[in-house]
Amino acid sequence: MRIVNVFKVSLLLIAANLIFTSCGKDDEKEPELVPDPIEEAIEYYISGKVVTENAPLSGVTVTTGDATATTDAEGLYTVTVKDKKTYAVSFTKEGYMDITDATAEVTGSATNRSIVTLNVTMSPKGQTTNVDPNKETIATENGESGVGESTVAVVIPEGTLSEEAEITVTPYVPATTSNTNAGTTNEAIAMSNIAIESSKEITTAKDVTLAFTSKATDSSHFDEVEVYKKAPGRAAGDWTSIGNAVYDPITNSYQAIIPANSTLNGEYSIRVASSKTVSASKSEVTTDGGIKSNAGNMDAIMNYSFTYEAKGGWDYVGSISADINEGMAEMIRSTIAAQEGGMSGFYTISKTETTNISGDHIFYYSSKSVYVEKEYTFKVNGSAVTVKVQHYIGMELIYKNEPSTVHSGGTIG
């Protein structure tokens, strides 16, 4: 009996030793470490919305350097870039004015996988007008018409041209880089730009009148309006003032003179005096508390996909601080829209990334949308009119992929 008991004890000791040895081997297993493709590949995104006549525009080709994208049904696009610098971005679509001078800056403080927003408005090309040198012709974006019957009119007196020519007039919204520098500036900002193209080079023998129709309905008008010209092929910022535009209550339009002996072809900009105050940049959490725990598991998780969001676009804050008619209010809103890149309203940008999570690691992330607040002030019939807007200018992605032993248990931000 005693021998049997000793034998049983021996077996128990052997079993215990095997269990202990087995547990020791599991405890000694090292976490599987794998590379994080997000950390290894540095890239940034230029995203935004393209609209036309207050509607999204699909099928627009967006290009910067070797990167290209096409806008979707909502007019949204994203192009991927690699460096922190200012990028020239072009937008093209058959039947619309090309945009070749838009810019977007990835600043030196940008975090990896962050987003910079750039919104633009593309304008349909105007119809062609045949100009007979033996009669006065009024060319508009809708062909030959009258002053006040279209957005813009070019009044060409009899004898201005030496021979017959075809002229195309296209009003368009300039691609303006949204001002995000905090502070107040006084400047003339574009209500609209106008491209005049002709079938041949034209030097005018007489003064030509350039008229821009007001949307106001009671002779309300901006106090200070000026017209600038950029000759064909000149640099984007190379504009020259050709004089003030005077409000004409009879035609309800702002009119300026293109003097005789001028080259008619070129781009013109109708600008109104304004004061603009920009706040310091602010941020708000867009995606909060995203987390994937691999704590306690020594095997890595491969190709883990996650989605984060950013806000884009701009919109008004409150109402216009003046008692003006709706037409004048719409004039002000369209002028602000020309500065902010298109129609008002916010939109959401979604991005999906893929990473690897090492064994016994925890991956977690959040995103913050960055915005500024702006205050525009104009003079209308001698009184100040103020409008406030909020504009989302980008997004920061914040993420960590770290051993569980250093995980704090909270969120990041």
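1. Overview of the overall build of the protein chain
A count of helices and strands for the protein chain gives 3 helices and 26 strands. Within the protein chain, residue pairs in contact and separated by at least 24 positions form 76% of the contacts whose partners lie at least 6 positions apart. Accessible surface, the protein chain as shown: approximately 19,700 Å² in total, 48% of it carbon and sulfur.

2. Some points on the packing of aromatic side chains
For the structure on display, the rule yields 14 aromatic pairs. One aromatic cluster is present, built from ring pairs that chain together Tyr304, Phe306, Tyr308, Phe363, Tyr365 and Tyr399. Positioned above the aromatic ring of tyrosine 45 is the side chain of lysine 351, whose terminal nitrogen or guanidinium carbon lies 3.9 Å from the ring centre.

3. Concerning helix H3 (residues 326–340)
Helix length check: H3 (15 residues) gives 20 Å between terminal C-alpha atoms against 21 Å at 1.5 Å per residue, within 8%. Across the 15 residues that make up H3, a large majority, 11, are buried. Three or more residues of H3 are buried, namely Gly327, Met328, Ala329, Met331, Ile332, Thr335, Ile336, Ala337, Ala338, Gln339 and Glu340. One side-chain oxygen at the N-terminal end of H3 lies 2.8 Å from the backbone nitrogen of glycine 327; it belongs to asparagine 325.

4. Comments concerning the environment of glycine 342
For glycine 342, the position within the fold is in the loop between H3 and strand S24 (345–357). Separated by 291 residues in sequence, glycine 342 and valine 51 place their C-alpha atoms 6.4 Å apart. With residues up to four places along the chain from it excluded, the contact list for glycine 342 reads Val51, Thr121, Trp314 and Ala337.

5. Thoughts on the confidence of the model for the protein chain
Here the protein chain shows a mean pLDDT of 88. Residues at 70 or above account for 89%. Residue range residues 1–26 is modelled with pLDDT below 50. Its contacts to residues more than four positions away, or to other chains, number 0 contacts.

6. Overview of the sheet that holds strand S7 (residues 99–105)
Strand order in the open sheet formed by 4 strands is S4-S3-S6-S7, with antiparallel pairing between adjacent strands. In this open sheet, the two strands that pair with only one neighbour each are strand S4 (67–70) and S7. For this sheet, the mean inter-axis angle between neighbouring strands, taken without regard to orientation, is 25 degrees. Of the pairings in the sheet, the one linking strand S3 (residues 61–64) to strand S6 (residues 86–92) comprises 3 bridges and is antiparallel in character. Bridging from a neighbouring strand, threonine 63 pairs with serine 90 of S6.

7. Considering the nonpolar core
The biggest cluster of nonpolar side chains holds 44 residues, and the ones touching the most others in it are Met191, Phe222, Tyr254, Leu264 and Ile332. If one sorts the elements of this core by residue count, H3 sits on top with 6 residues. Not counting residues within four places of it along the chain, the set of residues in contact with isoleucine 332 comprises Phe222, Ile320, Ile324, Phe378, Val380, Val385 and Val387.

8. Examining the side chain of threonine 355
Along the chain, the position of threonine 355 falls in strand S24. A polar atom in the side chain of threonine 355 sits 2.7 Å from the side chain of aspartate 36. If we ignore the near neighbours within four places in the chain, the residues touching threonine 355 are Asp36, Pro37, Ile38, Met302, Asn303, Tyr304, Phe306, Phe363 and Asn401.

9. Examining the sheet that holds strand S19 (residues 246–248)
Spatially, S12-S11-S13-S16-S20-S19 is the arrangement adopted by the 6 strands of the open sheet, whose pairing is antiparallel. One side of each edge strand has no neighbouring strand; the edge strands of this open sheet are strand S12 (143–144) and S19. Where strand S11 (residues 137–140) meets S12, 2 bridges bridge the pair, whose relative direction is antiparallel. Of the residues in S12, the one forming a bridge with threonine 140 is glycine 143.

10. Some details on the side chain of threonine 129
Turning to its location among the elements, threonine 129 is positioned in strand S10 (residues 128–131). Taking relative accessible area as the criterion, threonine 129 reaches 2% and is therefore assigned buried. At 3.3 Å, the side chain of threonine 129 forms a polar contact with the backbone nitrogen of glutamate 144. Each residue touching threonine 129, except ones within four places of it in the same chain, is listed here: Thr137, Ala139, Thr140, Gly143, Glu144, Ala165, Glu166 and Ile167.

11. Here's the deal with the pattern of salt bridges
All told, the structure shown has 15 salt bridges when counted by the stated rule. Between lysine 311 and glutamate 284 there is a salt bridge whose closest N-O contact spans 2.9 Å. Highlighted residues: lysine 311 in strand S23 (residues 301–316) and glutamate 284 in strand S22 (residues 282–293), separated in sequence by 27 residues. Residue classification places glutamate 284 among the partly exposed residues on the basis of a relative accessible area of 24%.

12. Quick look at unusual backbone geometry
Where the residue is not glycine, phi is negative for most of them; where a peptide bond is considered, it is trans in most cases. Although it is not a glycine, serine 219 adopts a positive phi angle of roughly 70 degrees. Tracing the backbone through its elements, the reader meets serine 219 in the loop between strand S16 (208–213) and strand S17 (225–230). Of the residues examined, serine 219 reaches a relative accessible area of 36% and is grouped as partly exposed. At asparagine 252, a residue that is not glycine, the phi angle is positive and equals roughly 55 degrees. Looking at where asparagine 252 falls in the secondary structure, it is placed in the loop between S19 and strand S20 (253–258).

Criteria and cut-off values
- Residues numbered from 1 in each chain as written.
- Predicted model: local features only at pLDDT ≥ 70, side-chain atom pairs only at ≥ 80, totals over all residues.
- Heavy atoms only, no water.
- Helix = DSSP H or I, 4+ residues; strand = E, 2+ residues; numbered from the N terminus.
- Contact = heavy atoms within 4.5 Å.
- Areas by Shrake-Rupley, 256 points an atom, 1.4 Å probe, with all protein chains shown as cover.
- Phe/Tyr/Trp six-rings, centres within 6.5 Å; stacked < 30°, edge-to-face > 60°.
- Lys NZ or Arg CZ within 6 Å of the ring centre and 35° of its normal.
- Expected span 1.5 Å × (residues − 1).
- Buried < 20%, exposed > 50% of the residue type's maximum accessible area, 1.4 Å probe, protein only.
- Polar contact = N/O pair within 3.5 Å; in protein donor to acceptor, adjacent residues only side chain to side chain.
- pLDDT = per-residue confidence, 0-100.
- Pairing = 2+ DSSP bridges.
- Axes fitted to C-alpha atoms, helices over the stretch in contact; angles between N-to-C directions.
- Core = buried A, V, L, I, M, F, W, Y, C linked by side-chain atoms within 4.5 Å.
- Salt bridge = Lys/Arg side-chain N within 4 Å of Asp/Glu carboxyl O.

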